[in-house]
Amino acid sequence: MNVRRRVHLAMLVGFPLGVFLFLAGFLLHRIFLGLGVVFQLSLLGYLLTRKCRVCNKAVLNNPVTCLGTKSFELTFCVPRRCTLCGASLEDQR
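Positions within a chain are numbered from 1, following the residues in the order the chain's sequence is written. The model is predicted, so local features are restricted to residues of pLDDT at least 70 and side-chain atom pairs to those at 80 or more, both for listing and for counting; the totals for chains, interfaces and linings are taken over all residues. Note: side-chain values were computed over all heavy atoms of the structure, leaving out hydrogens and water.

Draft legend 1. Just the packing of aromatic side chains, in detail. We call Phe, Tyr and Trp rings a pair once their centres come within 6.5 Å, taking the six-membered ring for Trp, and we label the pair stacked below 30 degrees between planes, edge-to-face above 60, and tilted otherwise. Applying the stated criterion to the full structure yields one aromatic pair. Ring centres of Phe15 and Phe76 lie 6.2 Å apart, and the angle between their planes is 90 degrees; this geometry places the pair in the edge-to-face category. Of this pair, Phe15 sits in helix α1 (residues 3-27) while Phe76 sits in the segment after β2 (69-74), and the two are 61 residues apart along the sequence. You can call Phe15 partly exposed: its relative accessible area is 31%. For Phe76, a relative accessible area of 44% gives the class partly exposed. What counts as a helix is a DSSP run of H or I of at least four residues, what counts as a strand is a run of E of at least two, and both are numbered from the N terminus. Exposure is judged per residue with a 1.4 Å probe applied to protein chains only, and the accessible area is read against the type maximum: over 50% gives exposed, under 20% gives buried, and values in between give partly exposed.

Following this line, the structure appears as structure tokens:
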């Protein structure tokens, strides 16, 4: 699996499971709430550590232009190519 598919799979499976654990924590028992918090924080850490193998830039840290100023912000879209060096993220494992 390449970098894009790993990030998409983690978001597709991880966020609904985390929401389920939060709801189970509020409705059933508080231990599920703790598990939900730990799971969501570990998922966020995993997503933030996915990097381009060429330039070592975080995959989710993408440029955003606002009022003519370009800044890098955390976004949840994964481009096909690295926004810094232009390397293909679909070929990287």
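After that view of the structure, there is still more to cover.
Draft legend 2. Quick look at the pattern of salt bridges. Put simply, a salt bridge is a Lys or Arg side-chain nitrogen that is within 4 Å of an Asp or Glu carboxyl oxygen. Taken as a whole, this structure holds two salt bridges when the rule is applied. In this structure, the salt-bridge partner of Glu90 is Arg4, at a minimum N-O distance of 2.9 Å. Linking Glu90 in the segment after β2 with Arg4 in helix α1, this pair joins segments that are 86 residues apart in sequence. When its relative accessible area of 15% is taken as the criterion, Arg4 is described as buried. Residues Arg80 and Glu90 are paired through a salt bridge, measuring 2.5 Å at the closest nitrogen-oxygen approach. Here the residue Arg80 occupies a position in the segment after β2, and Glu90 occupies one in the segment after β2, the gap between them amounting to ten residues. Each of Arg4, Arg80 and Glu90 takes part in salt bridges that share partners, so that together they form one network.

Draft legend 3. Local environment of α1. In this analysis, the expected span of each helix is defined as 1.5 Å times one less than the number of residues it contains. Counted at 1.5 Å a residue, the expected span for α1 with its 25 residues is 36 Å, and the 36 Å between its end C-alpha atoms agrees. Between two residues, a contact is recorded if the distance between any of their heavy atoms is within 4.5 Å. Tucked into the core, α1 has its buried residues touching α2 (30-49).

Draft legend 4. Inspection of the environment of His8 at higher detail. Its place among the elements puts His8 in helix α1. The spatial distance from the C-alpha of His8 to the C-alpha of Thr49 is 14 Å, given a sequence separation of 41 residues.

Draft legend 5. Region of the structure containing the environment of Val3. Within the secondary structure, Val3 sits in helix α1. Sequence separation between Val3 and Glu90 is 87 residues, and the spatial gap between their C-alpha atoms is 6.5 Å.

By themselves these figures say nothing about function.
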